[in-house]
Amino acid sequence: MTAIQRGYIHDARSDLLWFIALPVIAIAIAFIFHTQLPYMAQASITVWITVPHHYAGWVRGYGLGEDWSQWRGRLIVGPLLLIPTVVFGTAFLPITLAIVMMLWDHQHSLMQQYGFSRIYDFKAGTGAPNTPRLDLWLSIALYLNMLLTAPLWAELWIAELYRWELSLSADSIHQLQTLSWSLTLAYLLYYAVQIRRGLSQGHALNPMKYWFLLSSYALWYIVSWQDSLVLYLVAHRIMHGVQYMLMVYWYVDNKAERNGATPRLLGRLNVARFMLFGGLYAVAFHFGTGGDISVMSFGLIDALQADDGLGYTAEQAAGFYAATAVSAAAACHYYLDSYIWKVRDPKTQEGL
Amino acid sequence: MSWIRTHKLLLVIYATGMWLGISESNLSLETSAALEQPRTYIDGDDNVADISAAIYPGRAMTLYYQAYQAALCSQPTNAQAQVCKARGPVKPGEVRELIEQSLATGNRSIEFVLYNYAVVLVQEDAPADQIDAAIRDWRSAHPTSTLPDPRNAATK
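Residues numbered from 1 in each chain as written. Chains lettered and ligands numbered in written order. Predicted model: local features only at pLDDT ≥ 70, side-chain atom pairs only at ≥ 80, totals over all residues.

Draft legend 1. Representation of the overall build of chain A within the structure. Across its full length, chain A holds 13 helices and 0 strands. Order of helices (α) and strands (β) in chain A, N terminus to C terminus: α-α-α-α-α-α-α-α-α-α-α-α-α. Judged by the C-alpha coordinates and their principal axes, chain A covers about 75 × 55 × 40 Å. Counting only residues that meet the buried cut, chain A has 31% of its 352 residues in that class. Expressed as a percentage of contacts within chain A between residues at least 6 apart in sequence, the contacts between residues at least 24 apart total 76%. (Helix = DSSP H or I, 4+ residues; strand = E, 2+ residues; numbered from the N terminus. Buried ≥ 20, exposed ≤ 12 C-beta atoms within 10 Å, placed from the backbone. Contact = placed C-beta atoms within 7 Å.)

Listed below in structure tokens is the structure:
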């Protein structure tokens, strides 16, 4: 066995684009949001990326017969337990709910990247028996260190400590952050030693896994050191949501190809149908939960309101947006009809 | 044991939630709004403004805390606070300057910075177009905000 063994989640080109380069692209997009778009435009990322990525999870969990049989109990009990809990928390313990949801979001995010790193080892047949545990603690160490030391997150927990009457002195915070860095670096050293030992015992490693982890954590660390929540919200959501949707799509596609299993009501999905259903779900979810057109329009409505020349009210701006959409659809319809109905075309004649 | 292993994530989530929930329900109303209390900004060495300035100087949130501290110290009722005495008298326009520095970082996520900038402009009788621009900035960043019009808030 060679020391290096490459394996891909999908294939070399897709992995390079979606798992290695995507975080860099996401940061670039986030900077555009930060510098060029109104703050609320970041909410459109939730509508168009985060919500569809939930849909992708439903497709797999509730759509595939195999998953339904295997996880039926949890698939039923989970929502029955969690939805009333969230309703109760929103009504009576909003701060608790917000903190728990934020912590769970962090745990969920780090576990997704950890899960992908496990897939890399699985696909390449790499790693030693202790690699899963080493990788898990690597993820925890890196992520926890970021939460403790990055200004974006430290500002939040420092403010929160005041709320809970647990404020620390500046020296204590400095010491805590120094300790966090020291422990993280010590663990990285220990990890490197373990990898080296694994290699000497004949356990190969997959470089793609390390490029992927480097890229993912680079995104989180870079945006967490900026003075803008938008950068984190946009970059993180793009990376997390897009990678998850692709993973589900490839998983469902592989299942269909290998044993004919297709999601209920949806059948065999191609990329376009998968995205279309995701988009429709996003729109239905957004309006079904009382969202307005402003939030899903990347700030366009508000840009019209803020424009000195136009000076629209909210209603006028929404009207402008709706009228534009109707006119644009009509224009495309007129143009389409101008060339698809030529009776002299033999292909058209076949349909008549 | 296998049941616990299967549901360990939910158990951890609910245990955390219950612990935080009990703590939250024990918080007094005053504490739950701790970041709106003057003492959070002007009490002793461990006030949030001075700690933030020591750890993350020049960040949008820190500059806003410092502006809030200066605004509090400019009120006669807080003049005797240890922090206010130590920092010396608040200079004219200092609060506005600190908020402008906070805005200059480009951070638009902290609604109170944008909102209170408009409020400060109203209080300082700034030109109407300047106030309108500040209100427009606040509204375009936080269109779903339920805060009242800064022009009315400033007169209270």
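There's more to say after this.
Draft legend 2. Looking closely at the overall build of chain B. Looking only at helices and strands, one finds 11 helices and 0 strands in chain B. Its helices and strands in sequence order give chain B the pattern α-α-α-α-α-α-α-α-α-α-α, from N to C terminus. Relative to the compact-globule value of 15 Å for 156 residues, chain B shows a C-alpha radius of gyration of 20 Å, a clear excess of over 25%. By its C-alpha atoms, chain B is 70 × 40 × 30 Å across when sized along the principal axes. Evaluated residue by residue, chain B yields a buried proportion of 38% over its 156 residues. Partitioning the intrachain contacts of chain B with sequence separation of at least 6 by distance along the chain shows that 55% fall at a separation of at least 24. (Rg over C-alpha atoms; globule rule 2.2 N^0.38 Å.)

Draft legend 3. Spotlight on the domain arrangement of chain A. Residue and element names in this part refer to chain A. Considered domain by domain, chain A is made up of domain 1 (1-119 + 227-294), domain 2 (127-203) and domain 3 (299-352). Between domain 1 and domain 3, the residue contacts involve 6 residues of the former and 6 residues of the latter. A class-by-class count of the residues in the side of domain 1 that touches domain 3 yields 5 nonpolar, 1 polar and no charged. (Domains from an automatic or database assignment. Nonpolar A, V, L, I, M, F, W, Y, C, P; charged D, E, K, R; others polar.)

Draft legend 4. Molecular detail of the domain arrangement of chain B. Here the domain parsing of chain B yields domain 1 (1-32), domain 2 (37-94) and domain 3 (108-156). Each of domain 1 of chain B and domain 2 of chain B has a C-alpha centre, and these two points are 35 Å apart.

Draft legend 5. Quick look at unusual backbone geometry. Unusually for a residue other than glycine, Asp 125 of chain B sits at a positive phi of about 55°. Judged by local crowding, Asp 125 of chain B falls into the exposed class, with 9 C-beta atoms found within 10 Å.

Draft legend 6. Representation of the nonpolar core. Counting 89 residues, the largest nonpolar core has Ala 30, Val 234 and Ala 235 of chain A together with Tyr 64, Ala 67 and Ala 118 of chain B as its most contacted members. Tallying contributions element by element places helix 9 (residues 229-259) of chain A first for this core, with 16 residues. Counting 5 residues, the second largest nonpolar core, distinct from the first, contains Leu 93, Leu 97 and Val 100 of chain A together with Leu 20 of chain B. (Core = buried A, V, L, I, M, F, W, Y, C linked by C-beta atoms within 7 Å.)

Draft legend 7. How the structure looks around the packing of helix 4 (residues 94-124) of chain A against helix 5 (residues 131-149) of chain A. Residue and element names in this part refer to chain A. Interaxial distance between helix 4 and helix 5 falls to 10 Å at its minimum, and their mutual angle equals 145°. The interaxial crossing formed by helix 4 with helix 5 has right-handed handedness. Residues His 106, Leu 110, Gln 113, Tyr 114, Ser 117, Arg 118 and Asp 121 of helix 4 lie in contact with helix 5, whose contacting residues are Thr 131, Pro 132, Asp 135, Leu 136, Ser 139, Ile 140, Tyr 143 and Leu 147. Classifying every residue of the contact of helix 4 with helix 5 by side-chain character gives 7 nonpolar, 5 polar and 3 charged. (Axes fitted to C-alpha atoms, helices over the stretch in contact; angles between N-to-C directions. Left-handed = near helix turned anticlockwise from the far one by under 90°.)

Draft legend 8. Here's a closer look at the confidence of the model for chain B. All names here are of chain B. Per-residue confidence for chain B gives a mean pLDDT of 86; residues scoring 70 or more make up 92%. The secondary-structure element of chain B with the lowest mean pLDDT is helix 3 (residues 29-32), recorded at 49, while helix 8 (residues 94-104) shows the highest, at 96. Among the scores for the predicted complex, ipTM is 0.86 and pTM is 0.86. (pLDDT = per-residue confidence, 0-100.)

Draft legend 9. Layout of the packing of helix 8 (residues 207-224) of chain A against helix 9 of chain A. Residue and element names in this part refer to chain A. Orientation of helix 8 relative to helix 9, taken along the N-to-C sense of each, is 165°, at an axis distance of 9 Å. When the interaxial angle is binned, helix 8 and helix 9 end up roughly antiparallel. Two packed elements cross with a definite hand, and for helix 8 against helix 9 that hand is left-handed. Counting all contacts with helix 8, which are made through Ser 216, Leu 219, Trp 220, Val 223 and Ser 224, the residues of helix 9 involved are Leu 231, Tyr 232, Ala 235, His 236 and Met 239. In terms of residue class, the contact of helix 8 with helix 9 is built from 7 nonpolar, 3 polar and no charged. (Parallel < 35°, antiparallel > 145°, perpendicular 65-115°, else oblique.)

Draft legend 10. Quick look at helix 8 of chain A. Residue and element names in this part refer to chain A. The end-to-end C-alpha distance of helix 8, which contains 18 residues, comes to 26 Å, matching closely the 26 Å that a straight helix rising 1.5 Å per residue would cover. Those residues of helix 8 lying buried are Met 208, Lys 209, Phe 212, Ser 216, Leu 219, Trp 220 and Val 223. Burial along helix 8 is one-sided: seen end-on, the buried residues are contained in an arc of 110°. Summarising the contacts, the buried residues of helix 8 are in contact with helix 1 (12-36), helix 4, helix 5 and helix 9. (Expected span 1.5 Å × (residues − 1). Arc of directions from axis to C-beta.)

Draft legend 11. Fine view of helix 5 of chain A. Residues and elements named next belong to chain A. When the terminal C-alpha atoms of helix 5 are compared, their 26 Å separation across 19 residues agrees well with the 27 Å that a helix rising 1.5 Å per residue should span. Taken residue by residue, helix 5 has Thr 131, Asp 135, Leu 138, Ser 139, Tyr 143, Asn 145, Met 146 and Thr 149 as its buried positions. The buried residues of helix 5 occupy an angular sector of 155° when the element is viewed end-on, so they sit on one face. Where helix 5 is buried, its residues meet helix 4, helix 6 (151-163), helix 7 (170-200) and helix 8.

Draft legend 12. Highlighting the interface of chain B and chain A. With 33 residues of chain B at the contact, the number on the chain A side is 30 residues. Broken down by secondary-structure element, the contributors of at least two residues to the side of chain B that touches chain A are helix 2 (8-26), helix 3, helix 5 (48-55), helix 6 (60-73) and helix 10 (128-141) of chain B. The biggest single contributor to the side of chain B that touches chain A is helix 2 of chain B, with 8 residues. Grouping the constituent residues of the side of chain B that touches chain A by class yields 13 nonpolar, 15 polar and 5 charged.

Draft legend 13. Focus on the environment of Ser 109 of chain A. All names here are of chain A. Mapped onto the secondary structure, Ser 109 falls in helix 4. A tally of 18 C-beta atoms within 10 Å means that Ser 109 is categorised as partly exposed. Taking the C-alpha atoms as reference points, Ser 109 and Ala 318, separated by 209 residues in sequence, lie 35 Å from one another.

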